[in-house]
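# Structural description and commentary
Chain by chain, the residues run as shown.
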Amino acid sequence: MNENQQSEKIKEVAMELDDALEMKDYDLIKKYFSDDCEIELLGETLRGKEGVKNWLDFIFSYVKTFKLVPIIIMVQDDIFFEEFEVIATLNNGSELQSKWAEILEYENYKIKSLRLYFDRLIFAKSAASNSITRKILGYIDKKTLEGLK
């Protein structure tokens, strides 16, 4: 642990990042990441500031507006964990509401590593552009829940 980093300051910086994401402010968002950062999501790893840009391009290609609502926040040493709800309007006009989780590793109050976890199927169903795709995804969703109810 970098002894100079304090839990409350890490939490404050993470909340500032959420605000910048909601404003879709690319330049401000990039300032929260180290030059050699890594972002992991959907089985992919993006690296450096170019990776941050690619991540933002991906998100904002789907999301028109969104609100990030914290549910659980924990900070231990240089690690910030958050479960949060995403409430979004997608560019196709559909609404998305789902729970996500993130783990951020900080070094000198800059994000060294971001691991983002969310239900790909919920996201895909909201982003689907036609009824056939939505039906297929609905079928897959139903099949994955068989035996739980």
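First things first, this report covers the structure right here in the doc.

Reading guide: rules and limits
Residues numbered from 1 in each chain as written. Predicted model: local features only at pLDDT ≥ 70, side-chain atom pairs only at ≥ 80, totals over all residues. Heavy atoms only, no water. Helix = DSSP H or I, 4+ residues; strand = E, 2+ residues; numbered from the N terminus. Expected span 1.5 Å × (residues − 1). Buried < 20%, exposed > 50% of the residue type's maximum accessible area, 1.4 Å probe, protein only. Arc of directions from axis to C-beta. Core = buried A, V, L, I, M, F, W, Y, C linked by side-chain atoms within 4.5 Å. Contact = heavy atoms within 4.5 Å. Pairing = 2+ DSSP bridges. Axes fitted to C-alpha atoms, helices over the stretch in contact; angles between N-to-C directions.

## Some remarks on helix α1 (residues 7-23)
- In this model, α1 (17 residues) spans 25 Å end to end at C-alpha, consistent with the 24 Å of a helix rising 1.5 Å per residue.
- For α1, the complete set of buried residues consists of Ile10, Val13, Ala14, Leu17, Asp18, Ala20 and Leu21. An end-on view of α1 places all buried positions within 165° of arc, on one side of the element. Along α1, exposed side chains directed more than 90 degrees from the buried face belong to Glu8 and Met23.

## Considerations on the nonpolar core
- Counting 35 residues, the largest nonpolar core has Ile29, Phe33 and Trp55 as the members making the most contacts within it.
- Elements that contribute at least two residues to this core include exactly α1, β1 (33-41), α3 (48-62), β3 (63-76), β4 (79-90), β5 (95-107), β6 (110-118) and α4 (120-127).
- Examining the composition of this core, we find that six residues originate from one element, α1, more than from any other.
- Those residues in contact with Phe33, other than ones at most four positions away along the chain, are Leu17, Ile39, Lys49, Val52, Trp55, Lys110, Ile111 and Leu114.

## Brief notes about the sheet that holds β1
- With mixed pairing, the six strands of this open sheet are ordered in space as β2-β1-β6-β5-β4-β3. Edge positions in the open sheet fall to β2 (44-47) and β3, since each of these has one partner strand only. Geometrically, the sheet is characterised by an average inter-axis angle of 20° between neighbouring strands, direction not taken into account.
- Judged from the twelve bridges that link them, β3 and β4 form a sheet pairing that is antiparallel. Each residue of the ladder has a partner; that of Val75, found in β4, is Phe80.
- Most of the contacts of α3 go to β1, to which it runs at about 45°, and overall it touches β1, β2, β3, β4 and β6.

So, to be careful, I would describe these as geometric facts and stop short of saying anything about function.
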